[in-house]
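Listed below, chain by chain, are the residues.
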Amino acid sequence: MSDITTSITGRAGRITLRRPKALNAVTYEMVKAIDTALEDWRNDDAVSLVVIDAIGDKAFSAGGDIAELYATGKAGDYDFGRTFWRDEYRMNARLAEYEKPIVSFLQGFTMGGGMGVGCHVSHRVVGETSQIAMPECGIGLVPDVGGSMILANAPGHLGAYLGTTGARMGPADAILAGFADLYIPQESWPDLIAALETSGDAACLDRARATPPQGRLEALRPEIDSHFAAPDLPALLASLRASDTDFASETLKFLSRASPLSLACTLDMMRALKGNTNIRDALALEYRFTFRAMEHGDFLEGIRAAIIDKDRSPNWCHDPDRLPSSTVAAMLAPLGDNELTF
């Protein structure tokens, strides 16, 4: 079975992720297939809209396929990763800027690279099993694939909290934070997709909209905003350590597992992108980090600890309380001739 299929059914261009055993993790070949299909359909009058879905109950897509990134990086080849991220980010921009409606159906886990496929489109549908997250700091990256832009524009300081902790969002929280638009019970999805294929009109989605189960983030916003207004990582940690609430304790636990360099850079990115809804600016900033992530960051160590050896004991490069601001700035500095272009 192919990892991805692209076709035209009725009035709809159809993109379906087909790696359920790998939780539909996005490979480089899948990135190229999505980009090619979108380009082919852009001026095709037979295609009125695009539908993106995935097979399997567990995940729309739990992230990018990082096995080859790790293997090439450990061998000292940083070019494959840089090429993967460059082309993936260009595909993310194409999705966000597409001239026709795109509808995504996000069941189960939608994380990292999967978020980049499903959460920049015009109509983002979540259901009762949806769990959306940006857990990149835990593997030595930063929230990327355009996720930094969504996070930076979430209400208050929710983005800084979600981007550093990798906390999972159920359907209501995903809508609140800006990662989804509509809650529709999943039993309705097959009929909706059939209607989209027949009509080429996304209006049927609003008629199927329902109220999602209550989320957790709204009630936590005062505490999140209080702590995550801190100007930098040491100040954030100090604020959390001075609090005796369950939220502060849980949040410190999340942060203690993540790369300090990734955390500090994520906080800087949140401040830099606040109010900016140009996805190209966000992707270019992300690329500055990912371009350097293997050679100068914690990415390879993060993957080793989480995926390869699975010891969950990464040896991060920096102490979170003693991370020089110059090191953070260097990871996000312009790349000169290597800057991401579109």
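Anything mentioned here points back to the structure above.
Reading the values: the criteria
Residues numbered from 1 in each chain as written. Predicted model: local features only at pLDDT ≥ 70, side-chain atom pairs only at ≥ 80, totals over all residues. Heavy atoms only, no water. Helix = DSSP H or I, 4+ residues; strand = E, 2+ residues; numbered from the N terminus. Rg over C-alpha atoms; globule rule 2.2 N^0.38 Å. Buried < 20%, exposed > 50% of the residue type's maximum accessible area, 1.4 Å probe, protein only. Contact = heavy atoms within 4.5 Å. Polar contact = N/O pair within 3.5 Å; in protein donor to acceptor, adjacent residues only side chain to side chain. Expected span 1.5 Å × (residues − 1). Salt bridge = Lys/Arg side-chain N within 4 Å of Asp/Glu carboxyl O. Core = buried A, V, L, I, M, F, W, Y, C linked by side-chain atoms within 4.5 Å. Pairing = 2+ DSSP bridges. Axes fitted to C-alpha atoms, helices over the stretch in contact; angles between N-to-C directions.

Remarks on the overall build of the protein
Okay, step 1: If you tally the helices and strands in the protein, you get 16 helices and nine strands.
Okay, step 2: Computed over the C-alpha atoms, the radius of gyration of the protein is 19 Å, within 12% of the 20 Å expected from 2.2 N^0.38 for a compact globule of 342 residues.
Okay, step 3: The principal-axis extent of the C-alpha atoms belonging to the protein is close to 60 × 45 × 35 Å.
Okay, step 4: Relative to its full complement of 342 residues, the protein shows a buried share of 53%.
Okay, step 5: For the protein, restricting intrachain contacts to residue pairs at least 6 apart in sequence, the fraction spanning at least 24 positions comes to 75%.

Some words on the side chain of Q107
Okay, step 1: Considering the arrangement of structural elements, one finds Q107 in the loop between β5 (102–106) and β6 (109–111).
Okay, step 2: A distance of 3.1 Å separates a polar atom in the side chain of Q107 from the backbone oxygen of A54.
Okay, step 3: Looking at Q107, its side chain comes within polar contact range of the main-chain oxygen of G56, at 2.8 Å.
Okay, step 4: Other than its neighbours up to four places away in sequence, Q107 contacts A54, I55, G56, D57, A59, F60, T129, S130, Q186 and W189.

So, helix α13 (residues 260–273)
Okay, step 1: With 14 residues, α13 extends 20 Å between its outermost C-alpha atoms, agreeing within 8% with the 20 Å of an ideal straight helix rising 1.5 Å per residue.
Okay, step 2: By the burial criterion, the buried members of α13 are P260, L261, S262, L263, A264, C265, T266, L267, M269, M270 and L273.
Okay, step 3: Packing partners of the buried residues in α13 comprise α5 (147–152), α6 (158–165), α11 (233–241), α12 (246–256), α14 (279–296) and α16 (325–331).
Okay, step 4: Where α13 ends, the next residue or the one after it, G275, has phi of about 85°, a positive value.

Looking at the pattern of salt bridges
Okay, step 1: Counting across every chain of the model gives 26 salt bridges.
Okay, step 2: One salt bridge connects R19 with D65, and the closest N-O pair in it is separated by 3.1 Å. On the criterion of sequence distance, the pair formed by R19 in the loop between β2 (12–17) and α1 (28–41) and D65 in the loop between β4 (59–61) and α2 (67–74) is long-range, its members being 46 residues apart.
Okay, step 3: A residue is classified by how much of its surface remains accessible, and R19, at 17% relative accessible area, is buried.

Examining the nonpolar core
Across soluble globular proteins, nonpolar side chains show a tendency to be buried alongside one another.
Okay, step 1: In this structure, F179 and F299 are the most contacted members of the largest nonpolar core, which totals 95 residues.
Okay, step 2: In terms of residue count, the dominant contributor to this core is α14 (nine residues).
Okay, step 3: Those residues in contact with F299, other than ones at most four positions away along the chain, are L69, W85, I139, G140, L141, A293 and M294.
Okay, step 4: If you look at the next biggest cluster of nonpolar residues, it comprises 15 residues, including L49, L192, A202 and L205.

Thoughts on the sheet that holds β4
Okay, step 1: An order of β4-β6-β8 is seen for the three strands of this open sheet, with the pairing classed as parallel. Here the strands that pair on one side only, and so sit at the sheet edges, are β4 and β8 (131–133). Averaged over all adjacent pairs, the angle separating strand axes in this sheet is 15°, with direction ignored.
Okay, step 2: Bridge analysis of β4 against β6 gives two bridges, and the strand direction is parallel. Each residue of the ladder has a partner; that of S61, found in β6, is T110.

Digging into unusual backbone geometry
Okay, step 1: For L23, which is not glycine, the phi torsion reads 55° and is therefore positive.
Okay, step 2: Tracing the sequence through the fold places L23 in the loop between β2 and α1.
Okay, step 3: Owing to a relative accessible area of 28%, L23 belongs among the partly exposed residues under this scheme.
Okay, step 4: Backbone geometry at K310 places phi at a positive 55°, although glycine is not the residue there.
Okay, step 5: Within the secondary structure layout, K310 lies in the loop between α15 (299–308) and α16.

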